[in-house]
Amino acid sequence: DAGVTQSPTHLIKTRGQQVTLRCSPKSGHDTVSWYQQALGQGPQFIFQYYEEEERQRGNFPDRFSGHQFPNYSSELNVNALLLGDSALYLCASSQNSNQPQHFGDGTRLSIL
Amino acid sequence: QQQVKQSPQSLIVQKGGISIINCAYENTAFDYFPWYQQFPGKGPALLIAIRPDVSEKKEGRFTISFNKSAKQFSLHIMDSQPGDSATYFCAASKMEYGNKLVFGAGTILRVKS
């Protein structure tokens, strides 16, 4: 039974570019949440998707957007990249929004 | 209202000893308190979780103690092993509202053999 899978594992971009990160939830899970983890810090909630709609959003600018597909997979898009966007981006999935979240191993994004 | 404060920042324990990590929260609406373990290069893995209707939950060598009146909860790792060396995060959420997790800053645990 595959867990949460994320791609790519590493990515290097330059300031001003745009990036798309992808997540496949664990089998049987329908809710996907995205978190940003800066080096040496705890993950910070970006947003959550359920039934292809953004259900909740954390304190992140509109440059951060997402999408959920009918198969429950999800994408995180970040526009106009800043140096401060360098972080590990984690995807977590759950079976319904009130069940424990299981994390993938993340995408390490580096901005030059 | 959304903060979760975690201490200590780092911890060194001898093999076989007890590791204790503490967290405090502010938002009394939180009703779900998980602990996650993260190894370098990996995502956080759910270790154990508690709801506020119980004061303690034990799973193997891992125990959560919960003090609702003090708004504090802690993780105890009994018989700590070198393989337990990792970063531990406490978190809190309001399950009814989508389980948006608010994380502590993390504790780096090193177990010396």
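Each remark here, short or long, concerns the structure printed above.
Residues numbered from 1 in each chain as written. Chains lettered and ligands numbered in written order. Predicted model: local features only at pLDDT ≥ 70, side-chain atom pairs only at ≥ 80, totals over all residues. Heavy atoms only, no water.

Considering the overall build of chain B
Consideration 1: When its secondary structure is counted, chain B shows 0 helices and 11 strands.
Consideration 2: The order of helices and strands in chain B, counted from the N terminus, is β-β-β-β-β-β-β-β-β-β-β.
Consideration 3: For chain B, whose C-alpha radius of gyration is 13 Å, the value lies close to the compact-globule estimate of 13 Å for 113 residues.
Consideration 4: With the C-alpha coordinates aligned to their principal axes, the bounding extent of chain B is approximately 40 × 30 × 20 Å.
Consideration 5: Burial statistics for chain B: of 113 residues in total, 46% are counted as buried.
Consideration 6: Of all intrachain contacts in chain B linking residues separated by at least 6 positions in sequence, the fraction that spans at least 24 positions is 54%.
Consideration 7: Here chain B holds 13 positive side-chain charges and 8 negative ones, and the gap between their average locations is 6 Å. (Helix = DSSP H or I, 4+ residues; strand = E, 2+ residues; numbered from the N terminus. Rg over C-alpha atoms; globule rule 2.2 N^0.38 Å. Buried < 20%, exposed > 50% of the residue type's maximum accessible area, 1.4 Å probe, protein only. Contact = heavy atoms within 4.5 Å. Lys, Arg positive; Asp, Glu negative; His and termini not counted. Charge placed at Lys NZ, Arg CZ, Asp CG, Glu CD.)

Comments concerning the interface of chain A and chain B
Consideration 1: Listed per partner, the contact involves 19 residues of chain A and 19 residues of chain B.
Consideration 2: Of the roughly 1500 Å² buried between chain A and chain B, counting both surfaces, carbon and sulfur atoms make up 52%.
Consideration 3: Our count for the chain A to chain B interface comes out at 1 salt bridge.
Consideration 4: As a salt-bridge pair, A:D105 and B:K42 come within 3.7 Å of each other at their nearest N and O atoms.
Consideration 5: Taken together, the links from chain A to chain B amount to 4 residue pairs in polar contact (both at pLDDT 80 or more).
Consideration 6: Listing elements by their share of the side of chain A that touches chain B, those giving two or more residues are β4 (31–37), β5 (44–50) and β9 (87–94) of chain A.
Consideration 7: Across the side of chain A that touches chain B, the residue classes tally to 7 nonpolar, 11 polar and 1 charged. (Buried area = accessible area lost by both parts, 1.4 Å probe. Salt bridge = Lys/Arg side-chain N within 4 Å of Asp/Glu carboxyl O. Polar contact = N/O pair within 3.5 Å; in protein donor to acceptor, adjacent residues only side chain to side chain. Nonpolar A, V, L, I, M, F, W, Y, C, P; charged D, E, K, R; others polar.)

Coordinates in, geometry out; function isn't part of it.
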